[in-house]
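Inside the fold
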Amino acid sequence: MKLQRKNRRVLALGAFAVSGALALTACGSDDTSSGSDSSASSSTAASSIKCDDAKGQLLADGSSAQKNAIDAWVKQFTQACGVQINYKGSGSGAGITAFNQGQVAFAGSDSALKPEEVTASKSVCTGGQAIDLPMVGGPIAVGFNVSGVDKLTLNASVIAKIFNGKITNWNDPAIAALNSGVKLPDLKIQAFHRSDESGTTDNFTKYLIATAKSDFPYTGGKAWQAKGGQSASGSSGVAQQVKQTNGAIGYFELSYAKDGINAASLDTGASAPVEATVDNATKAIGEATVVGTGSDLALKLNYATKADGAYPMVLVTYEIACDKGNKADTLPATKAFLRYIASEDGQKVLAENDYAPIPADIIAKVRTTIEGLS
């Protein structure tokens, strides 16, 4: 599965390669490779993007979990429309703060807006308010780096105890019981969590609270609450720490589980442990229901599903935008970009980059809502 993910990423990078003059260094990409096949694919995809009156540049910030998807989308959109997009990926909390301070055209958050955040947005969205547009799905990988161990199965209770400092060694009997035949080393566990406010943390802890509350006695939220462990900023920061530390474990979006990081399977109570894959995450997200009102499309996820093949430790990233009162100079570009990423072509980019597309009935509502932004 790891090799398949790596192959898909190689193919995706080739499909989205553009000329150096169009690459955006602000998005942190240094990929300047090109070729006749990739150029043709890129041109075909870009030609399907409807630019309308999009121009200038957009500033955006938020979820680091969707950063790899945003980077791929930006390459295509910039090639088609010439609009530069600087998406910082500083984390969901930072993104919502920046949005409500009027610093960015849209934000990304792995958690739906809280009532107080919607209230604050009304000072920026003249005559309107911020809404949640579910755009990116995907599994939260429990990534580990343990010498000699390539495959690992964990359940919610064990994960909760590891991140709550109750299980501290890799050969703990609770881990061994889930991994018959796996030689677990006598090695200290180094658990890494997010230092910044993060929707990834929010969804990760929601899963633990829903399935192992007695082992993870916290209220949850974007800020990490458990004691102990080590921290790093952003999904990329946590992944980097796991990659360079033998005995490490952390949580981040699946696209960060690569180059020496393996993703654990989950024992959910289904007939077999479930791997962290796009298809398995999509199956779990398919059980979500829309709980937002009006044009808001916030979802309620079923973290406790035991359906075969459903990986329930998932997140959905929302793009946060004003339903009314968007700034006149950024509205055309904002709508054009959101329209593209919600389109069939845009959603195809997700699966090619280890993300899960939003279910068809939900993304259809997103497309309708985007056309009404003003």
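Overview of the structure.

The rules behind these values
Residues numbered from 1 in each chain as written. Predicted model: local features only at pLDDT ≥ 70, side-chain atom pairs only at ≥ 80, totals over all residues. Heavy atoms only, no water. Helix = DSSP H or I, 4+ residues; strand = E, 2+ residues; numbered from the N terminus. Buried < 20%, exposed > 50% of the residue type's maximum accessible area, 1.4 Å probe, protein only. Contact = heavy atoms within 4.5 Å. Areas by Shrake-Rupley, 256 points an atom, 1.4 Å probe, with all protein chains shown as cover. Disulfide = S-S within 2.5 Å. Polar contact = N/O pair within 3.5 Å; in protein donor to acceptor, adjacent residues only side chain to side chain. Core = buried A, V, L, I, M, F, W, Y, C linked by side-chain atoms within 4.5 Å.

**A few points about the overall build of the protein**
For the protein, the count of helices and strands is 13 helices and 13 strands. Every one of the 374 residues in the protein was classed for burial, and the buried ones make up 56%. Sequence separation of 24 or more characterises 75% of the internal contacts of the protein that already satisfy a separation of 6 or more. When the accessible area of the protein is evaluated, it comes to approximately 14,900 Å², of which 50% is carbon and sulfur surface.

**Some points on the state of the cysteines**
This model, assessed by the stated rule, comprises two disulfides. Between the sulfur atoms of C125 and its disulfide mate C322 the distance is 2.0 Å. Residues C125 and C322 share a disulfide whose torsion about the S-S bond is about -70°; that sign makes it left-handed. Within this pair, whereas C125 is found in the loop between α5 (115-121) and β4 (130-145), its partner C322 is found in strand β13 (residues 314-322), the two being separated by 197 residues in sequence.

**Concerning the side chain of S63**
With respect to the secondary-structure elements, S63 resides in the loop between β1 (57-62) and α3 (67-81). Its relative accessible area of 0% is what places S63 among the buried residues. Reaching out from S63, the side chain makes a polar contact with the backbone nitrogen of A65 at a distance of 3.1 Å. S63 has contacts with Y87, G89, G91, S92, G108, S109, D110 and T317, leaving out every residue within four places of it along the chain.

**Quick word on the nonpolar core**
The tendency in soluble globular proteins is for nonpolar side chains to be buried side by side. By size, the foremost hydrophobic cluster in this structure holds 114 residues, and its most contacted members are W73, F77, M135, I175, F204 and I249. Of all the elements, β4 adds the most residues to this core, at nine residues. In this view, F77 contacts I49, A54, G82, V83, I85, A333, A336, F337 and Y340; residues no more than four positions away in its chain are not counted.

**Observations concerning the environment of K243**
Structurally, K243 is set in helix α9 (residues 234-244). Taking the relative accessible area as the measure of exposure, K243 reaches 39% and is therefore partly exposed. Sequence-wise, K243 and I261 are 18 residues apart; in three dimensions their C-alpha atoms are separated by 5.8 Å. When near neighbours in sequence (up to four residues on either side) are disregarded, K243 contacts N145, D259 and I261.

**What to know about the environment of A321**
By the secondary structure assignment, A321 is in strand β13. Spatially, the C-alpha atoms of A321 and A107 are 7.0 Å apart, while their sequence positions differ by 214 residues. Discounting residues that sit within four places of it in the chain, A321 has contacts with F99, Q129, A130, I131, L338 and L373.

Geometric descriptors of this kind do not, in isolation, establish any biological role.
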